[in-house]
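Listed here are the chains, written in short residue letters.
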Amino acid sequence: MAAKSTPRPLPGQHQLSREFIAKHQRARIVNALALEVSEKGYRNVTVADIVKRAGIARNTFYENFGSKEDCFLAAQQFAMSAALGRVVEAAGEIDDWPYRVEAGLAAFLHFVAEEPALARTCMVDALAAAPSSVRYYEESLQSFVSLFRLGRDVSPHGRKLPETIEEALIGGVFWIVYQRLLEDEPERIERLLPELVEFALTPYLGAEAARVVALEGDGASAASSSRG
Amino acid sequence: MSEPVNPSVDSPEYPPELARLPPGRHGLPREFVARNQRERLIAGLAEAVAEQGYAGTTIAHITRHAAVSRRTFYEHFSSKDECFVAAYDTVMAELRRRVDEAFNEEDEWPRAVRAGIGAMLEFLTAEPHLARLSMVEALVAGPVVVERYDAAIQGLVPYFEAGRKGRPAEVLAGLSPSTEEALVGGMVSLISRRVFADRTEELESLLPDLTEFALTPYLGNAAAAKVARQG
């Protein structure tokens, strides 16, 4: 598609499509920004730093992004959609709602443990970057609402639950993960699974039933769900 | 709780940092004026940030709102960041004072939680600028403030931990070590989304929902809902 409109390459230039180069340049810039931010903090990173790290011309940066903030949003969106993708994939395989929530949470925690840099970009750095990135973060959390909301159908008192319960539960789960990321112990994050499952399910199922699901998920024997 | 609360800025119960000294010649002692200048700068910053956002606020904006000179600003603060930290601390101290007072007025813990949440929502509704400063702009105002923000939220944990006292063993077994942290995180997330979207006027209507959310792990759904919905 680029062939017709692209002028003949100059000697020494690669014959890659403009689209290919552009796409990869964008990824390279976003990656450079994420690395710079994780080292220095958003406020101390300049476009010059990003340009240098990505090994591109300043013009190229501005062909792709309007500003540092714009570039950060792209990094955040990339990281957040990677996390959401894992959750949707894991949760979608399971029909039984409580186990579906558990699978979604497990996938999310696994993502954070496996990709701490991406997780920090979309959960820690995002909250300190700019109002636009905080807004995007808050909106992303809302993508989990529908998964939780299905619990009202299996809850004996689903109709009576507060309208905002999903929002509050998700905010609570993310806050816990955020705190553990700040403590810089991503490898311990997966161990949070049972308590987060229990926390998320309790309003729908009651503490007793929520605990049974949480303990099973922990790898404990389902039959003998004894408290340790 | 139900009567509209909208204290005027010079109401005597207002902390001086959030009130304003009327401009003009007043013949007040020098020390008082200096203290008051600091307070005016803090109030000026809150107004400037509400208009411009933290990143867009300059020292000129702050001094214009405070009606003091640039030199006066630098007698009190070395930078915009430092002034913001002072403003943040002032707002949070006032918020905590109100929550504490409301919480301690009630004898029973579930009602105390409801009163504390109510006091917080009331303050944030009455002061949308300060709500924005402390819940939105604080996050992007640099690492010093972010650390304080995190500490302020974690500082709410003991109000909920108090609910463990005297609970039956089977209830305690169902509470994980991070229950309280998750509760305050969830509540703050709910509140800050409204502040972000400039919907602070909705905050007071969240009282029943937030109360039920906070009490459910300790009391179960039915009892939590009962405390939440009582007028």
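Residues numbered from 1 in each chain as written. Chains lettered and ligands numbered in written order. Predicted model: local features only at pLDDT ≥ 70, side-chain atom pairs only at ≥ 80, totals over all residues.

Undergrad: Help me understand the overall build of chain A, please; the structure alone is not making it clear to me.
TA: Along its length, chain A carries 12 helices and 0 strands. Starting at the N terminus and ending at the C terminus, chain A contains elements arranged as α-α-α-α-α-α-α-α-α-α-α-α. Put simply, chain A has 228 residues, and 41% of those count as buried. For chain A, contacts bridging at least 24 residues in sequence account for 60% of all contacts bridging at least 6. (Helix = DSSP H or I, 4+ residues; strand = E, 2+ residues; numbered from the N terminus. Buried ≥ 20, exposed ≤ 12 C-beta atoms within 10 Å, placed from the backbone. Contact = placed C-beta atoms within 7 Å.)

Undergrad: Can you walk me through the packing of helix H4 (residues 68-92) of chain A against helix H7 (residues 131-141) of chain A in this structure?
TA: Each pair of packed helices can be described by the angle between their axes along with the distance between the axes. Residues and elements named next belong to chain A. Interhelical geometry of H4 versus H7 gives an angle of 20° and a closest axis separation of 10 Å. Relative to H7, the element H4 lies roughly parallel. Seen along the crossing, H4 lies across H7 with a hand that is right-handed. Taking contact as the criterion, the partners of Glu69, Phe72, Leu73, Gln76 and Met80 in H4 are, on H7, Ser132, Ser133, Tyr136 and Ser140. Tallied by class, the residues present in the contact of H4 with H7 amount to 4 nonpolar, 4 polar and 1 charged. (Axes fitted to C-alpha atoms, helices over the stretch in contact; angles between N-to-C directions. Parallel < 35°, antiparallel > 145°, perpendicular 65-115°, else oblique. Left-handed = near helix turned anticlockwise from the far one by under 90°. Nonpolar A, V, L, I, M, F, W, Y, C, P; charged D, E, K, R; others polar.)

Undergrad: Even after reading the chapter, I still don't get the domain arrangement of chain A, so can you show me in this structure?
TA: How big an interface is tends to be stated in terms of the accessible area lost upon association of its parts. Residues and elements named next belong to chain A. Per the domain assignment, the segments making up chain A are domain 1 (16-66) and domain 2 (69-217). Listed by partner, the interface residues are 10 residues for domain 1 and 12 residues for domain 2. Among the elements that line the side of domain 1 that touches domain 2, the one with the most residues is helix H1 (residues 18-40), at 6 residues. Partitioning the side of domain 1 that touches domain 2 into residue classes produces 8 nonpolar, 2 polar and no charged. (Domains from an automatic or database assignment.)

Undergrad: Before we go on, may I ask you to explain the interface of chain A and chain B in this structure?
TA: On the chain B side, the residues contacting the 36 residues of chain A number 34 residues. Counting residues per element, the ones that place at least two in the side of chain A that touches chain B are helix H6 (116-129), H7, helix H10 (165-182), helix H11 (193-205) and helix H12 (207-217) of chain A.

Undergrad: I tried to follow helix H10 (residues 179-196) of chain B on my own but got confused; where do I start?
TA: Owing to its 3.6 residues per turn, the α-helix aligns residues three or four sequence positions apart on the same side. Residues and elements named next belong to chain B. Spanning 18 residues, H10 covers 26 Å between terminal C-alpha atoms, matching the ideal 26 Å at 1.5 Å per step. Of all 18 residues in H10, 16 are buried; the element is thus mostly enclosed. At the C-terminal side of H10, Asp198 shows a positive phi close to 55°. (Expected span 1.5 Å × (residues − 1).)

Undergrad: Would you explain the environment of Gln37 of chain B in this entry?
TA: Residue and element names in this part refer to chain B. Structurally, the position occupied by Gln37 is in helix H1 (residues 30-56). Each C-alpha atom of the pair Gln37 and Thr72 lies 7.8 Å from the other, and the pair is 35 residues apart in sequence. Here Gln37 is in contact with Val68, Thr72 and His76, once residues within four sequence places are set aside.

Undergrad: Please clarify how unusual backbone geometry should be interpreted in this entry.
TA: Peptide bonds are mostly trans, and most non-glycine residues show a negative phi. With phi around 55°, Ala67 of chain B is a residue other than glycine that occupies positive phi space. Structurally, Ala67 of chain B is set in the loop between helix H2 (59-66) and helix H3 (70-76).

Undergrad: In this structure, what is going on with the confidence of the model for chain A? I would like to understand it.
TA: Low-pLDDT stretches of the model should not have their predicted coordinates read in fine detail. Residue and element names in this part refer to chain A. Chain-level pLDDT for chain A is 85 on average; 87% of the residues reach the 70-or-more range. Between residues 1-6, whose pLDDT stays under 50, and residues either more than four places distant or in other chains, the model counts 4 contacts. This model gives residues 218-228 a pLDDT under 50, and the stretch forms 9 contacts once residues within four places in sequence are excluded. (pLDDT = per-residue confidence, 0-100.)

Undergrad: Help me understand the confidence of the model for chain B in this model?
TA: All names here are of chain B. Overall, the prediction assigns chain B a mean pLDDT of 87, with 85% of residues at 70 or greater. Here residues 1-12 scores under 50 on pLDDT; set against residues more than four positions off or in separate chains, the count is 11 contacts. As scored by the predictor, the complex reaches a pTM of 0.81 and an ipTM of 0.80.

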